[in-house]
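# Coordinate analysis (summary)
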Amino acid sequence: MSYDLVIRNGTVIDGSGLPRYRADVGVNGGKITTIGRIRGENAREVIDAEGHVVTPGFIDGHTHMDAQIFWDPLGTSSCYHGITTVVMGNCGFTLAPCAEKDKHLVVRNLQRAEDIPPAAMEAGIKWSWTTYPEYLEALEKLPKGINYSGYVGHSAIRTFVMGERAFDGAATEDDLKAMEHCVRESIEAGAMGFTSSRSPSHETPDGRPVASRVAPWSEVRRLVNAMGELNAGIFENAGEGVDRNDGDPGVREWHTRLRDLAVESGRPVTFGVFSRRGVKGTWKKYLDLLDETAAHGGRMFAQAHSRSLSALLSFKTQMPFDRLPVWKDIRKLPIEEQKQKLRDPALRRTLIENSGAKDGRKALGTEARPADYDWLLVFDTVEGPHKTVAQVARERRQHPAETMIELALEKDLDLFFLQPVANEDQDIALEIMRHPRTVTTFSDSGAHVSQLMDSSLQTHLLYHWVRTKQAFTLERAVQMLTSVPSTLWGFHDRGLIREGMAADMVVFDPDTIMAEMPEVVDDLPAGARRLVQRTRGVAATVVNGEVLLRNGKHTGALPGQLLRGPLGRRG
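The next subject is the pattern of salt bridges. As enumerated under the stated definition, the model contains 45 salt bridges in all. One salt bridge connects Asp-412 with Lys-339, and the closest N-O pair in it is separated by 2.7 Å. A residue pair is termed long-range when its members are at least 10 positions apart, and Asp-412 in the loop between helix H14 (400-410) and strand E16 (416-422) and Lys-339 in helix H11 (residues 335-342) qualify at 73 residues. Judged by its relative accessible area of 38%, Asp-412 is partly exposed. Counted as one network, the salt bridges with shared partners bring together Arg-348, Arg-396, Glu-402, Glu-406 and Glu-410.

Given below as structure tokens:
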């Protein structure tokens, strides 16, 4: 027998949670055809996996690659970390439905949330659709390195139906019927579900709520129940922000609405769960809600993060001082000029004196917040431990702002600082991951592109929580990244190494797999800036039976597919 691909001499961890075993894996026509000892058969391509494990490809259920897919078919940086399938369109932010003449409305919704300049989207996206089914047809034609799937977003639907009224007005009955139609036709075409945001973190560049936040809960109910009528689709939602303050009585009312909607619609409901410094115990109420909803007959699962959710700061991207007097003029200069200015003793004294000023603007999401030096970490190694800026400043007997300047200059401004936004307590993060109704995902890849780098959260699970902390077995961690998300999102031919399954696989060394330090690059369309991060220890990433990456390098293959939801697959 001949094969398109044979992976020899590896140790298979099949994604089920069962113990590992030694085997070769043979692939034909994009499917796994043989698992066992493959002897003298011919193979077009061979991977020697000696000393490595062979696992299913990892699945990331929370990304925002809707714009990025048009200029980056590989799906960087996710593909570098073993991700072979992503779900995009989260939090209500999608590019469809929308006619080209109205694309400024879509851009307004996602510009600040995703941190992608309008010029980059204008240069990088060739608009060729109006409806969501037409958008999926456009995605089908794009070259793809990994597999992509997507939701349809509430903000996009609202602006498509209501235009400018979507940002400040109530929907009429005709508007609601038109929006219900958009949801139905999207699900029937292959959308994975419907997403929305009610989060105060999501604003337009001019400080207004994104369109979905203007909608009353009754509108959300109608649109989710439109999916319920089709018995298809997941409802993903960014919450109302009532959990940002300790003891907020609105938490229970919000949880009751979510529970009742899951029961009423019959559709799975999902959202992210994080702990927050200064807000005690709310994360536990969310975990209790998952079990309560199941007891009431609804389906609900939460998305967990494998580490702290942190803004990644540097002089080459964003700093806490960017809008402060004196600072803002310096920060607008080219980076080489900034270096010169920062080395000027007199100017540095002025900068330090102004480092505690207020700029009057509230930071959203992973935008840099005012400096709290006890919670600013020097990110000089990936794994750490990381000292706080306050600790280093005390050691150097200087003002913390001067410490940040000096440390950065010592690294030619190639130094990052971590500013935790959530999940500061890693014991709680571990407890959230261990809950049986959570899934470890939520990289936000494609969003916050110069503010955040969480595309490595899957590999972080493998090297931090498995290898260093031994909090999970490798078998359990692989299951958390493969068959668990494939089951929740309905990718029933992926997430396991089984004969007949799609041949999405990762070959890696569990003893050396490790994220590398992030980098700042200017490779977006129109030269816009973003963060990227690679990994070591991954020998090969296989997508639909073809080797996409060998030792982190693209082979030239583009085997990725558009994965449609269940109704789209039937069509």
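What follows is about the nonpolar core. Membership of the largest hydrophobic core comes to 106 residues, with the highest contact counts inside it found for Tyr-135, Phe-271 and Phe-472. Ignoring anything within four residues of it in the chain, the contact list for Phe-472 reads Leu-430, Met-433, Arg-434, Leu-461, Trp-465, Val-466, Ala-477 and Met-480. Counting residues in each nonpolar core, the second largest holds 28 residues, with Leu-351, Ile-352, Met-404 and Leu-415 among its members.

To continue, consider the packing of aromatic side chains. The full count for this structure, using the stated rule, is 11 aromatic pairs. Residues Trp-217 and Trp-254 carry aromatic rings whose centres are separated by 5.4 Å and whose planes lie at 75° to one another, so their mutual orientation is edge-to-face. Within this pair, whereas Trp-217 is found in helix H7 (residues 217-230), its partner Trp-254 is found in helix H8 (residues 250-265), the two being separated by 37 residues in sequence. Trp-254 carries the same exposure label as Trp-217, and that label is buried. By way of ring pairs, the aromatic residues Phe-70, Trp-127, Trp-129, Tyr-132 and Tyr-135 are connected into one cluster. Sitting over the face of the ring of Phe-167, Arg-108 holds its NZ or CZ atom 4.5 Å from the ring centroid. Across from the ring centre of Phe-472, 5.5 Å away, lies the NZ or CZ of Arg-434, which sits over that ring.

Let us now look at unusual backbone geometry. The omega torsion across Ala-96 and Pro-97 is 0°, close enough to zero to call that bond cis. Assignment of secondary structure puts Pro-97 in the loop between strand E7 (83-88) and helix H1 (103-114). In this chain, Gly-384 is followed by Pro-385 through a cis amide linkage whose omega measures 10°. For Pro-385, the location among the structural elements is in the loop between strand E15 (377-379) and helix H13 (389-396). Of note in the backbone geometry, Arg-397 takes a positive phi value of approximately 55° without being a glycine. With a phi close to 75°, Phe-442 is a non-glycine residue in the positive phi region. Along the polypeptide, Phe-442 turns up in the loop between strand E17 (438-440) and helix H16 (457-468). With a relative accessible area of 11%, Phe-442 lands in the buried category.

Glancing now at the sheet that holds strand E6 (residues 58-60). Pairing is parallel in the open sheet, where 3 strands are placed in the order E6-E7-E8. Of all strands in the sheet, those with a lone pairing partner are E6 and strand E8 (147-150), marking the two edges. Across the sheet, the mean angle separating the axes of adjacent strands is 15° when strand polarity is ignored. The pairing of E7 with E8 spans 4 bridges and is parallel.

Turning our attention to the side chain of Asp-175. Take Asp-175: it is sitting in helix H5 (residues 173-189). Classification of Asp-175 by relative accessible area gives buried; the value is 7%. Those residues in contact with Asp-175, other than ones at most four positions away along the chain, are Val-161, Met-162, Arg-165 and Ala-170.

Definitions and limits used
- Residues numbered from 1 in each chain as written.
- Predicted model: local features only at pLDDT ≥ 70, side-chain atom pairs only at ≥ 80, totals over all residues.
- Heavy atoms only, no water.
- Salt bridge = Lys/Arg side-chain N within 4 Å of Asp/Glu carboxyl O.
- Helix = DSSP H or I, 4+ residues; strand = E, 2+ residues; numbered from the N terminus.
- Buried < 20%, exposed > 50% of the residue type's maximum accessible area, 1.4 Å probe, protein only.
- Core = buried A, V, L, I, M, F, W, Y, C linked by side-chain atoms within 4.5 Å.
- Contact = heavy atoms within 4.5 Å.
- Phe/Tyr/Trp six-rings, centres within 6.5 Å; stacked < 30°, edge-to-face > 60°.
- Lys NZ or Arg CZ within 6 Å of the ring centre and 35° of its normal.
- Pairing = 2+ DSSP bridges.
- Axes fitted to C-alpha atoms, helices over the stretch in contact; angles between N-to-C directions.

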